[in-house]
Each structure stands twice: as structure tokens, then as C-alpha cells.
Amino acid sequence: MLIRLFALTVLSLPLTALAAPPVRVSSPDGRIVVELDSDPDGRPTYAVQRDGKPLLAPSRLGFLLVDTPKLDRAIAVTAPRTRSFDETWEQPWGERRRIRNHYNELRVTLAENAKPRRHLDLVFRVYDDGLGFRYEFPRQEGLPTVRIREELTEFTLAGDATAWWIPAGEWNREEYLYHRTPVEAVGDAQTPITFRLADGTHLSIHEAALVDYSGMNLTRVEGRRLKASLTPGIDGAKVTREAPFNTPWRTVQIADDAGGLVTSSLILNLNEPNVLGDVSWVKPMKYVGVWWEMHLDTKTWASGPRHGATNENVMKHIDFAAKNGFGGVLVEGWNVGWDGDWFGNGEDFSFTRSYPDFDLEKLSAYAKSKGVVLIGHHETSANAAHYESQMGAAFDLYQRVGVPAVKTGYVSDAGQAKVIGADGKVHYVWHEGQDLARHHLKVVTEAARRHIAINAHEPIKDTGLRRTYPNWISREGARGMEYNAWGNPGNPPEHEAMLVFTRLLAGPMDFTPGVFGMKTRAPDGVATTWAKQLALYVVIYSPIQMAADLLENYEANPGPFQFIKDVPVDWEETRVLNGEVGDYVTLVRKERGGDNWYLGAITDEEPRTLKAPLSFLDPGRRYTAQIYRDGPMADWKDRREDIVIEEREVGSTDTLELKLAPGGGQAIRFVAR
Ligand code: NOJ
Ligand code: CA
């Protein structure tokens, strides 16, 4: 086996090592090659090429530590070990049933040449659709506790690229509109960050398995050089861990086109398999809720004459869900604590005491008698410490009355969350730091013990942990539909075509589509056509999908509502037919356990005609296409309701022309005959 040593001085470098080539590993198809080397200062670097073309130029690796010398120079890359892995695993729920996990792995030991002679392993896994790498800290003398001031990992793009990104370190967490800039104009960015190279190759940099570590942002140092900047912690250390431990995987997804990023399973593959065992109790479903009316400010979360979570209103929603085949009813504002400034008073919330006009036991029994479930709600106002003090009792209560899913929330105008640190004192920390990473996983595992699924709003970013904890069923983590209720600005027409190629690469999003009442408190209201609202059920993946609008808007519009009733939330297969970041996209998905396919196409403010070859359908089989398309006058500005619903018989050799209005879309259900 090849052993190459890098050292600070030529004198300490064996001659054989000088002549040896750098250490390499390639993807199973041979297209992607990762090369480990060191720079003139003896710092380890990695570089990535595809089809012989450089994608990432040599980029640094290493750590700045607290109270001990940094770990980045005079480091030898030693003891390379390689292995290959190929398995296919099944998702309990997901955008596809089966996922192939096929990679070549290279493990090296990074060893200091001089005192204090510390060492750690660096592991690369290279797939056909990208790569992941992580650092593994062993237990060693002199470094039992590792306090990381900064991770020195870099990603240097080798050529010109357009970048789509949202800013990091801002008070409103992940709820920003995306920037589209040259890579040279990226500032502090969150991940996933998406790049389009001059030749059309697309990259997305993110992370997988963020466990007990601080979330990674990227800061541009100069030119096209981006450097990890970990989310700050309580003190000078951004991460504190007892060895042994592994960092999250740093991931680079690589695809020939934008759609290739969407169908990549790299992030999931780099997570550990399910540790919860039988998770048949985690149920994908559609739901309605006592929700949109609060965002429109016709009802309130707080108690009083306009209180939304009353027995009567909840029963009305249960009846509607039962009648229309929805699995759940979300109820917000049911518990004590919403009166006054709930943004700032997390400690006022009780997660076990209901307002007097909401009877949890009676309503959950009523729901059960109708074959639906209540979805619980825990708004914490980012007071994680207070929530943790009640969490056990709150989940016990929900388990007892039969509430199998909980939406959590971490709203805070201060931008910071309240936790109790290791010192036993109160601290205010960032949402993406190590303390909140720990907190979220604690919530998910405590909930799992009671067979409860978690849908976190204002969450920590998604890094694929749903594979390990399949009860982490969805989350928010971007501007959702709520911005169309009160945002100023609301979500622009390009927003969802942006999310598909950015935020959604991380995992499912509880976006809450399906609004027909287009006039709201936001200046432009809901800036899409009706057909686009329907298409979002296929375009935006989430195993729980809300029908977000007021019930009366569905009752008044049974035609388009039919698609929301029909569309599944759990899929056998997913494909992208076309798409460009922030412009348009067409996805098709096959329902789990059935023969029907669904298509969703959306555009930004530009009208477009997209071609959809139906070669995904079973050859030789006939299908009835139930088409929900923009009408001739449709436009997101003033004719949003113009929708045409029609049927056609089609087969796999047909190609459809999808005519999308400005801000429009199209939804199709292909019913196998
Ligand atoms: C923000 C969430 O995204 C929204 O869905 C919820 O209604 C409010 N917080 C109140 O918890
Ligand atoms: Ca939110």
C-alpha cells in the first residue's frame, strides 16, 4: 500500500515519498477523482476533478483549537486505506423507495511530524454523484477533550461559477430570499449552497449527519476560496467534544445539470441507518389546520374573542379532514402562554395546560372516532431550556391521548435561542450551533420513545438525519407559505423554483402549499396561479403536506381541490424532467404502493412552454391524464384563479407541452387504466 508523508522540512521527508504521486480515490464510475496532497506550508489539501477537469482546486483541511496549538501544519498524510461499498437500502417513507449506496472510500491518518504529535483520521467517500469527507478524532493523550475554535476546511472553486445562497449569521435564521451572484460575490453563506459552472455542471456544498457539532457556514476568503465558518457556541470554542468523535460529513454533490442535484441521495447515504427499528408508527399524511386564519389575523393564537383553537373550530376541521380523506388536523394556540408577547416570553408557555375552550382529551377522542388524528403543537419561542424542562411530560400527554405527530417552533426576533450551558447557567446561542444541534436530537429521540413524529419549524438545518431517526419527518427552514400571508415582501414568483435546487437538497420541507384565497396581508398576496399551488404538492417533497387554506376556500372550489385530495405524499420513485435554478422545474413521482404517476411543473415570473416526454409511464399501458393547467388568461398578478381542468388519454410514447403562465404551473395525475 502506498504511504506518502508530507513534512515541513525536506530533511525529514523520505526520498521515496518525494517521488510518490499524491493519494487518490475515484468514484465507482471513475469520473470523479479526489486527490490528497499538501501545500508548500505542509498543510494537507484535497482537490476534486471530474472527467479530468478541475472542479475544486487544492483546498485546505485542518483545525484551530482552543488552548492548544492548531492542527494544520507539519502534518503527514499517512497510512492510506481504501475500500469499496455497495448496498441498496429501503426508505420507510420518502421520495423513492430504494436507494443505492455505492462508493469508494479512502481513509488516511493525518499525523503531526513534530510535537505534540497528535493525529486524526480523514475519510473520503466518493460516489458517482459527489463526495463526502469527515475528520475522525481518536482518543489520544494530550487531547481527550477537543475544543474547536474553527474548522479550517476550505472549498476553492476551480473556475467561474454562479452561486445561489442565503446569508449566514443573521437574526432571521434560514428565512431569507436567495441571492444569485458570481462566486466572487458570496459573503457569509449558509449551506446548502448551489453553484452552476460555466459548462453547466452543478455543485451543491452542504453537510451530512450534523450530530453534536456546530453547523457549518461558508465565508469567502478571497477570489473563489470559501472557508468553513462554524456557528459560534457559548464560549471561545465553537465545538466541545470528548474524543473519540467524528465531525459531520462535508459534502459536495456534483451533477451534469440542476435536476441531477435533486435526485442525488448522497446526503442520506452518508447518514447512519435507522436506529429506531420498526417505524411503521411514523405515518406520512396530508393535514389541515387551525393555522392560516391566525396568519391572516382573523383568528388569534392568544385567548379571547377571536381565539382559533376552540372546541367548535377544531371539530369543524376534524369533520372536514374525515370527509375529504386527510389524516391529520394541526391545532396551534391550544396551550397556555400565547397571551402577550409570545415572541419574547418562551417561559410563559405550558406544554401540558390547555386554554379552557380547548379540550384535548375530548377532541383527540373525537378525531379518533372519525379516523383522523390531532397534530400537536409546541411553540417554544426558542426557549429550548424551558421546553426541555417540560418536554417529557408534554410528550407523555400526547402519547396518552393519541397525538402521533408534533410541530415544534423556535420563533425568536432576537435570533438566538435560550439554553442552559454545561456550566449550569443560562446562555443565548445561535440556532445552528452545537447546543441546538444537541437540543433538536434530544427532542426527536424523546419523541421517538413515545412513537411521536417531529416537524420542526425554525429548525436546525436538515443534514439527512431522517435516515437515522425516521420520526424526524419534516421541517421548515426556509421562507414557507406564511410569508405570502404577511411577508413584506412576500415570496416572489421565482421562490419555489429556487427552493427545489437549494434548501430542498437538504431534505423535506413543510412548506404548507394549497392556498386559493390569493388576497392576504402581504403586498402581492399569494404570488402564484392556482395551478401552481397544486403543482407544489409534487414539486416540494414532504411526507406530511398541509392543505393550508381556509376550509371555506376548498368547499367553494371542489374542482381544483380534487387534486389536493388525490395527490399522495409517499413515493416509489422521483424523476426530474427539466429545470434551472430559480427559473422552472418539472418533477414526476410515482405513488408508493400504486400505479399512478403525478407531475408538477412550475415557473418563475416568465411564461414558458416545457416539454414533458412521458417515457416514465409503463410502456404499452394507457393512462388517463387528469390535467390542472393555467387557463389562457392566467397570470400571477391579476388572473391567478384562471385554471383549466381536463382529461386526456396518454401513453409512454407521448410528449406533453406544458404551457405555464407567468408565475404559473401545472399539475397532472396519471391514472393507470
Ligand atoms: C412560525 C411557524 O413557521 C408557523 O407555521 C407557526 O404558525 C408560527 N411560528 C407560530 O408557532
Ligand atoms: Ca417560520
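A quick note: this is a predicted structure, and the numbers were derived from the prediction, not measured.

### Things to note about empty space enclosed by the protein
Part 1: Throughout the structure, instances matching the rule amount to 8 cavities of 30 Å³ or more.
Part 2: If you add up the space inside the largest cavity, you get close to 290 Å³.
Part 3: Lining the largest cavity are 23 residues, and of these Glu-95, Val-262, Arg-466, Leu-504 and Leu-505 sit closest to its centre.
Part 4: Looking at the lining of the largest cavity, the elements with two or more residues in it are helix H2 (258-262), helix H3 (266-269) and strand S32 (584-591).
Part 5: The dominant element in the lining of the largest cavity, judged by the number of residues it contributes, is H3, at 3 residues.
Part 6: Of the residues in the lining of the largest cavity, the class split is 13 nonpolar, 6 polar and 4 charged.
Part 7: Of the voids in this model, the second largest cavity is the one considered here, and its volume is about 140 Å³.

### Notes on the site of ligand 1
Part 1: Inspection of the region around ligand 1 gives 14 residues, with His-295, Glu-332, Glu-379, Lys-407 and His-457 positioned closest.
Part 2: In the model, an oxygen atom of ligand 1 is placed 2.9 Å from a nitrogen or oxygen of the Trp-291 side chain.
Part 3: Alone, ligand 1 offers 300 Å² of accessible surface; in the complex the protein occludes 97% of this.

### Thoughts on the coordination of the calcium ion (ligand 2)
Part 1: Protein coordination at the calcium ion (ligand 2): the donors are Glu-175 (OE), Glu-458 (OE), Glu-476 (OE), Glu-476 (OE) and Glu-482 (OE), at 2.3 to 2.7 Å from the metal.
Part 2: Taken together, the 6 donor atoms coordinating the calcium ion (ligand 2) and their angles of 51 to 157° define a geometry best described as irregular.
Part 3: Coordination of the calcium ion (ligand 2) draws on donor residues from a single chain, spaced E-x282-E-x17-E-x5-E in sequence. Here Glu-175 is found in the loop between strand S12 (161-165) and strand S13 (179-182), whereas its partner Glu-458 is found in the loop between strand S28 (453-456) and strand S29 (472-475), with 283 residues between them in sequence. Note on accessibility: Glu-175 and Glu-458 belong to one class, buried.

### Things to note about the sheet that holds strand S36 (residues 643-650)
Part 1: Spatial strand order, S31-S32-S33-S38-S35-S36: 6 strands in an open sheet with antiparallel pairing. Two strands in the sheet have a free side with no partner beyond their single neighbour: strand S31 (571-580) and S36. Strand-to-strand twist across the sheet, computed as the mean angle between neighbouring axes with direction ignored, equals 15°.
Part 2: Pairing of strand S35 (residues 623-630) with strand S38 (residues 665-672) involves 7 bridges; the strand directions are antiparallel. When the sheet's bridge partners are listed, Ala-625 is paired in S38 with Phe-670.
Part 3: Its contacts with the sheet put helix H11 (residues 530-539) on S31, S32, strand S33 (597-603), S35, S36 and S38, and the angle it makes with S33 is roughly 125°.
Part 4: Helix H13 (residues 558-566) contacts S33, S35, S36 and S38 of the sheet and is inclined by roughly 125° relative to S35.

### Description of H11
Part 1: Most of H11 sits out of view: 10 of its 10 residues are buried.
Part 2: Here H11 has its buried residues at Trp-530, Ala-531, Lys-532, Gln-533, Leu-534, Ala-535, Leu-536, Tyr-537, Val-538 and Val-539.

### Re the side chain of Asn-271
Part 1: Its place among the elements puts Asn-271 in the loop between H3 and strand S22 (285-290).
Part 2: A polar contact is formed between the side chain of Asn-271 and the backbone oxygen of Thr-463, at a distance of 2.8 Å.
Part 3: Contacts of Asn-271, omitting those with residues within four sequence positions, involve Ala-208, Ala-209, Thr-463, Gly-464, Leu-465, Arg-467 and Thr-468.

### Things to note about the environment of Val-406
Part 1: By the secondary structure assignment, Val-406 is in strand S25 (residues 405-409).
Part 2: Sequence separation between Val-406 and Gly-142 is 264 residues; the distance between their C-alpha atoms is 44 Å.
Part 3: The residues touching Val-406, leaving out its near neighbours within four places in the chain, are Gly-376, His-377, His-378, Phe-395, Tyr-398, Ile-452, Ala-453, Ile-454 and Asn-455.

### Structural notes on the nonpolar core
Part 1: Core analysis: the largest hydrophobic core is formed by 174 residues, its most contacted members being Leu-36, Leu-131, Phe-195 and Leu-374.
Part 2: In contact with Leu-374, not counting residues within four places along its chain, are Val-314, Ile-318, Val-329, Val-331, Leu-360, Leu-363, Ser-364, Ala-367, Val-403, Pro-404 and Ala-405.

### As for the sheet that holds strand S30 (residues 544-546)
One key point about sheets: their strands pair by backbone hydrogen bonds, in either a parallel or an antiparallel sense.
Part 1: Across the sheet, which stays open at both edges, the 7 strands sit in the order S29-S28-S25-S24-S23-S22-S30 with parallel pairing between neighbours. At either margin of the open sheet sits one strand with a lone partner, and together these are S29 and S30. This sheet shows a mean twist of 30° between the axes of neighbouring strands, independent of strand direction.
Part 2: The pairing of strand S23 (residues 328-331) with strand S24 (residues 373-379) spans 3 bridges and is parallel.

### Re the side chain of Thr-528
Part 1: Positionally, Thr-528 belongs in the loop between helix H10 (495-499) and H11.
Part 2: Classification of Thr-528 by relative accessible area gives buried; the value is 2%.
Part 3: Within the local environment of Thr-528, its side chain forms a polar contact with the side chain of Gln-533, the two groups lying 3.0 Å apart.
Part 4: When near neighbours in sequence (up to four residues on either side) are disregarded, Thr-528 contacts Glu-496, Met-518, Gln-533, Trp-636, Arg-640 and Gly-663.

### Focus: the packing of aromatic side chains
Between two aromatic rings, the relevant description is the distance of the centres plus the angle of the planes.
Part 1: The final tally for this structure, using the stated rule, is 33 aromatic pairs.
Part 2: Between the aromatic rings of Phe-63 and Tyr-135, the centroid separation amounts to 4.5 Å while the plane-to-plane angle is 70°, which identifies the pairing as edge-to-face. One end of the pair, Phe-63, is in strand S5 (residues 63-65); the other, Tyr-135, is in strand S9 (residues 130-137), and 72 residues separate them in sequence. As far as the burial class goes, Phe-63 and Tyr-135 line up, both buried.
Part 3: Here the aromatic rings of Phe-326 and Phe-561 are separated by 6.0 Å at their centres, their planes lie at 20°, and the arrangement is stacked. Of the two residues, Phe-326 sits in the loop between helix H5 (311-324) and S23 while Phe-561 sits in helix H13, which places them 235 residues apart along the sequence. Summarising the burial analysis for this pair, Phe-326 and Phe-561 share the class buried.
Part 4: Within the aromatic cluster, the residues linked to one another by ring pairs are Trp-301, Trp-338, Trp-342, Phe-343, Phe-349, Phe-351 and Tyr-387.
Part 5: The ring of Phe-326 carries Lys-286 above its face, with NZ or CZ at 5.7 Å from the centroid.
Part 6: Here the basic side chain of Arg-467 rests over the ring of Trp-89, its NZ or CZ set 3.8 Å away from the ring centre.

Analysis parameters
- Residues numbered from 1 in each chain as written.
- Chains lettered and ligands numbered in written order.
- Predicted model: local features only at pLDDT ≥ 70, side-chain atom pairs only at ≥ 80, totals over all residues.
- Heavy atoms only, no water.
- 1 Å grid on protein atoms, 1.4 Å probe; cavity = no way out; pocket = protein on both sides within 12 Å on 5 of 7 lines; lining within 4 Å.
- Points joined across faces, edges and corners; volume = space filled by probe spheres on them.
- Helix = DSSP H or I, 4+ residues; strand = E, 2+ residues; numbered from the N terminus.
- Nonpolar A, V, L, I, M, F, W, Y, C, P; charged D, E, K, R; others polar.
- Near = heavy atom within 4 Å.
- Polar contact = N/O pair within 3.5 Å; in protein donor to acceptor, adjacent residues only side chain to side chain.
- Areas by Shrake-Rupley, 256 points an atom, 1.4 Å probe, with all protein chains shown as cover.
- Donors = N, O, S within 2.8 Å, 3.2 Å for Na, K, Ca; no water.
- Tetrahedral: all angles 85-135°; square planar, octahedral: opposite > 155°, others 65-115°.
- Buried < 20%, exposed > 50% of the residue type's maximum accessible area, 1.4 Å probe, protein only.
- Pairing = 2+ DSSP bridges.
- Axes fitted to C-alpha atoms, helices over the stretch in contact; angles between N-to-C directions.
- Contact = heavy atoms within 4.5 Å.
- Core = buried A, V, L, I, M, F, W, Y, C linked by side-chain atoms within 4.5 Å.
- Phe/Tyr/Trp six-rings, centres within 6.5 Å; stacked < 30°, edge-to-face > 60°.
- Lys NZ or Arg CZ within 6 Å of the ring centre and 35° of its normal.

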